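Reading the structure
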Amino acid sequence: MTTVQASASFAQIDEREYKRRIRAWTMYDWANSAFATTILAAVLPVYYSQVAGATLPSEAVATAYWSLGLSISLFIVAILSPILGTVSDVMRGKKRFLAVFAGLGIVSTALLVLVTTGDWLLASVLAVLGRVGFNGSITFYDALLPHVAKPEDQDNVSARGYAMGYLGGGLLLAINVAMIQFLPGTWGARLSFLSVAIWWAVFSIPLFLRVPEPPAATAALAPGESVITASFGRLWATLKDIRRYRELFKYLIAFLIYNDGIGTIIGVAAIYGAELGFGTIELILALLLVQFVGIPFSLIFGRLPSKTTKRRPAFLAFVIFNIILLPLGGIVGARVLPGEITGGPLPPYQATETAVGEGVYLATDAALRTSGDWETVTVPASEIGGDADVIYAVSADPAGRYDFTFNGQKVSIIYSTGPDRGIWAVEIDGQPLIDEDTGRPLTIDAYNPTVRYGERETFTASAPGEHTLSVINTGERNPASSGNLMIVAQIEVLPPIRQSNLGLIIALIFGLELAGVLFALAAGKALFTRLADTLDTKRSIILALIVYAVIAIWGFFLNSTIEFWFLAWLVAIVQGGSQALSRSLYAAMSPAAKSGEFFGLFAIMEKFSSLIGPLLFAAAGLLLGSSRWAVLSLIAFFFIGIALLTRVNVSEGRRIAQEEDAALLGTTGES
């Protein structure tokens, strides 16, 4: 619709009802973000690999099946979104389709509570259906934005939605982490899946009650024409007439490229941190940090383009202060403060006269003392998904044991499970290790219905120094096992455990943020008013992409916990804001009467943007031998995205959208 028509349609409702509709719309971000955090990011991938896929030949196979399911779901949504989006425009059905997809996602997520050990096929099917429901519902949710918010409010409302999503997803993830820690067995994870479904369903209700169904583009239907033929006809006409929407499609290409970089940073942050040796707790807490810090910064970025926001100079000053001081503070802190505080790398453990140092040792190595009768077996690389054959030491002797003396603190054994494996005891320096969950001596039950190679268990001594790890065949076995074999391939002495003081690191960040607030209040108006006046939605996105380029460059160099946390805070500053403004800018250049169709095309671009970046990241890591180079390579996405974005004429794109609305809707207003 035209700007005049939009103003007239929104004028039909009072301010109180207008705000209620906006709150109801943003609550759906709160509702579905629980799926993104718990199901997609944190809990289900690990549960799938360790529990549902426990009967698969290896973790690599489980990961491959999980990735295949992700690709299938993305492909389904990419095909359906523009078609169903066009149908929803013609037949007045955006909320109806949203309800169908949300219902599919909610039911599939709830049924994950039934998944137990070995149920990888059920988990795969439910995960695919859940992701189809999740991504499909977002397409129609986004398509409601131009019908919920006035054009001048869309940046702010979109940002509020992302802020609500961060808060809702983060809160339930924190609850789910506690459930997993305190509930026995797999019940914590399984009930977490159920909690996501309940959360998603309950907090979706306000949208369906408060937000009205947008009007259909009645002018698109000719006498005797069916909804289906009209929908496909209009979609085909749009694709043929790309030149008419030239600015919009130029923006889509730019979005495809820079959003690919953003999505890759989000997707690889945790595994990159793990590769650098940061602890699991540190990584989980950093994920929660991004969730909650993203809330205020999403709102700040949503207000940067608004000419009516009086504090724009202060907001801009605060953002720029963080862009400069966060990297500077993290880098200086990592080099000035002791490694025990910053989590920087410590010197590697060296071999002594009586103990081996840091490194990987074969089970048949002379440095490994054994007793009992042993044989060796070579497992071909094709069976374990690796690049080289692996030699395993095998013993069925109840007296079989490994005694491995090392200089260090943390050590791993790489072994094989299978239907004929036994139960092994683990000791360090002649003392049994105690299982923290049961309080009893730790054992490894190596039974598994199918053979799996490359399994790993890690043990930690109380302090660094010379220790002897003993792995002992107890002669016992699982009731389902057909034997008591003990099969070990390698033992690895791991690097020194990084030490950090998260309390002090967080205090430093908050101190820096307090200084930033004071700077923004004191100098923002004087120093940044002129620059703030030049900001519109497009330039605000470009500002966010510049920050992402800084993040990619910094990510190449970082090697300490303090830098990782400062970097995570910098990501939180721009993550929600960049995505929220991208959504609202697209809405501004899309005809409201075709919002379902155009946001269906937007969904295709989002799905493609989740494929290219990870492939480039993997290729750079493999070819250059380090994930650091892969992180650095992501700056190409941001520089190219900025270059293309500068060529988009937003005013012309809005004009075309308004003309299209005038032709399709005439004087029809919102209901």
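For the structure, see preceding data.
The structure displayed is predicted, hence computed values, not measured ones. (Residues numbered from 1 in each chain as written. Predicted model: local features only at pLDDT ≥ 70, side-chain atom pairs only at ≥ 80, totals over all residues. Heavy atoms only, no water.)

**Let's talk about the overall build of the chain**
Put simply, the rule reads: A run of H or I in DSSP counts as a helix once it spans at least four residues, and a run of E counts as a strand once it spans at least two, with each numbered from the N terminus. Any residue under 20% of the maximum accessible area for its type is buried, any over 50% is exposed, and the rest in between are partly exposed; the area is computed with a 1.4 Å probe on protein chains only. What makes two residues a contact is simply this: any of their non-hydrogen atoms within 4.5 Å. Each accessible area is a Shrake-Rupley result for a 1.4 Å probe, and residues are judged covered by the shown protein chains and nothing else.
Along the chain, the regular secondary structure elements total 23 helices and 10 strands. Per-residue burial over the chain gives 54% buried out of 671 residues. Once local pairs closer than 6 in sequence are excluded, the contacts in the chain between residues at least 24 apart make up 84%. Carbon and sulfur atoms make up 64% of the accessible area of the chain, which totals about 28,400 Å².

**A short note on the pattern of salt bridges**
Opposite charge on two side chains permits pairing when their charged atoms draw close. Worth spelling out the cut-off: We count a salt bridge whenever a side-chain nitrogen from Lys or Arg sits within 4 Å of a carboxyl oxygen from Asp or Glu.
In total, this model carries 15 salt bridges according to the counting rule given. Where glutamate 17 meets arginine 21, a salt bridge forms, and the shortest distance between an N and an O atom there is 3.4 Å. Here glutamate 17 and its partner arginine 21 are both found in helix H2 (residues 15–42), four residues apart, which amounts to about one turn of the helix. Both residues of the pair, glutamate 17 and arginine 21, belong to the buried class. Salt-bridge contacts for glutamate 247 lead to lysine 250; the nearest nitrogen and oxygen are separated by 3.2 Å. Here glutamate 247 pairs with lysine 250, and both are found in helix H11 (residues 246–275), just three residues apart, close to one helical turn. Classification of lysine 250 by relative accessible area gives partly exposed; the value is 29%. The network of salt bridges with common partners includes Glu17, Arg20, Arg21 and Arg210.

**A word on the nonpolar core**
The line we're drawing: Buried Ala, Val, Leu, Ile, Met, Phe, Trp, Tyr and Cys residues form a nonpolar core when they are joined through side-chain atoms within 4.5 Å.
One finds Tyr251, Phe301, Ile551, Phe638 and Leu645 to be the most contacted residues of the largest nonpolar core, which totals 79 residues. The set of elements that each furnish at least two residues to this core consists of H11, helix H12 (280–303), helix H13 (312–336), helix H16 (502–533), helix H17 (537–557), helix H18 (561–588), helix H22 (635–645) and helix H23 (650–665). When residues of this core are assigned to their parent elements, the largest contribution, 15 residues, is made by H18. Counting 53 residues, the second largest nonpolar core, distinct from the first, contains Trp25, Leu44, Tyr47 and Val51.

**A few points about the pairing of strand E4 (residues 390–395)**
The test is simple: At least two bridges found by DSSP between two strands are what make those strands a pair.
Among the six residues of E4, five are classified as buried, and the element is accordingly described as predominantly covered. The pairing of strand E3 (residues 375–379) with E4 spans five bridges and is classified as antiparallel. Bridged to valine 379 within E4 is valine 390. The pairing of E4 with strand E10 (residues 486–493) spans three bridges and is classified as antiparallel. Bridge pairing in E10 places serine 395 opposite methionine 486.

**Digging into H18**
As a reminder, the rule being used: A helix is expected to reach a length of 1.5 Å times the quantity of its residues less one.
With 28 residues, H18 ought to run about 40 Å at 1.5 Å a step, and its terminal C-alpha atoms sit 41 Å apart, in line with that. Of all 28 residues that make up H18, 28 are buried, and the element is covered over most of its length.

**Concerning unusual backbone geometry**
Most of the time, phi is negative for any residue but glycine, and the peptide bond is trans. One non-glycine residue, aspartate 429, adopts positive backbone phi at about 55 degrees. Among the secondary structure elements, aspartate 429 is positioned in the loop between strand E6 (423–428) and strand E7 (431–432).

**Side note on the pairing of strand E5 (residues 401–417)**
Of all 17 residues in E5, 15 are buried, a share of seventy percent or more. Alignment of E5 against strand E9 (residues 452–473), held across 15 bridges, turns out to be antiparallel. When the bridges of E9 are listed, valine 411 appears paired with phenylalanine 459.

**Considering the environment of serine 158**
Under the convention used in this document: Side-chain atoms alone can form a polar contact between residues adjacent in sequence; in general such a contact is a pair of N or O atoms within 3.5 Å, and within protein one must be able to donate a hydrogen while the other accepts it.
Mapping serine 158 onto the fold places it in helix H8 (residues 154–182). On the basis of relative accessibility, which here comes to 0%, the residue serine 158 falls in the buried class. Residues serine 158 and serine 582, 424 residues apart in the sequence, show an inter-C-alpha distance of 9.1 Å. Residues in contact with serine 158, not counting those within four places in the same chain, are Trp25, Leu145, Ala580, Arg583 and Ser584. In terms of polar contacts, serine 158 uses its side chain to reach the backbone carbonyl oxygen of alanine 580, at 2.7 Å.

**Some thoughts on a nonpolar patch on the surface**
Definition in use: Each patch groups residues whose relative accessible area exceeds 30% and which form no salt bridge, using 9 Å between like charges and 5 Å between nonpolar side chains of Val, Leu, Ile, Met, Phe, Trp and Tyr.
On the surface, Val107, Leu111, Leu114 and Leu122 cluster together to form a nonpolar patch covering roughly 340 Å² of accessible area. Within the element layout of this structure, valine 107 appears in helix H5 (residues 94–111).

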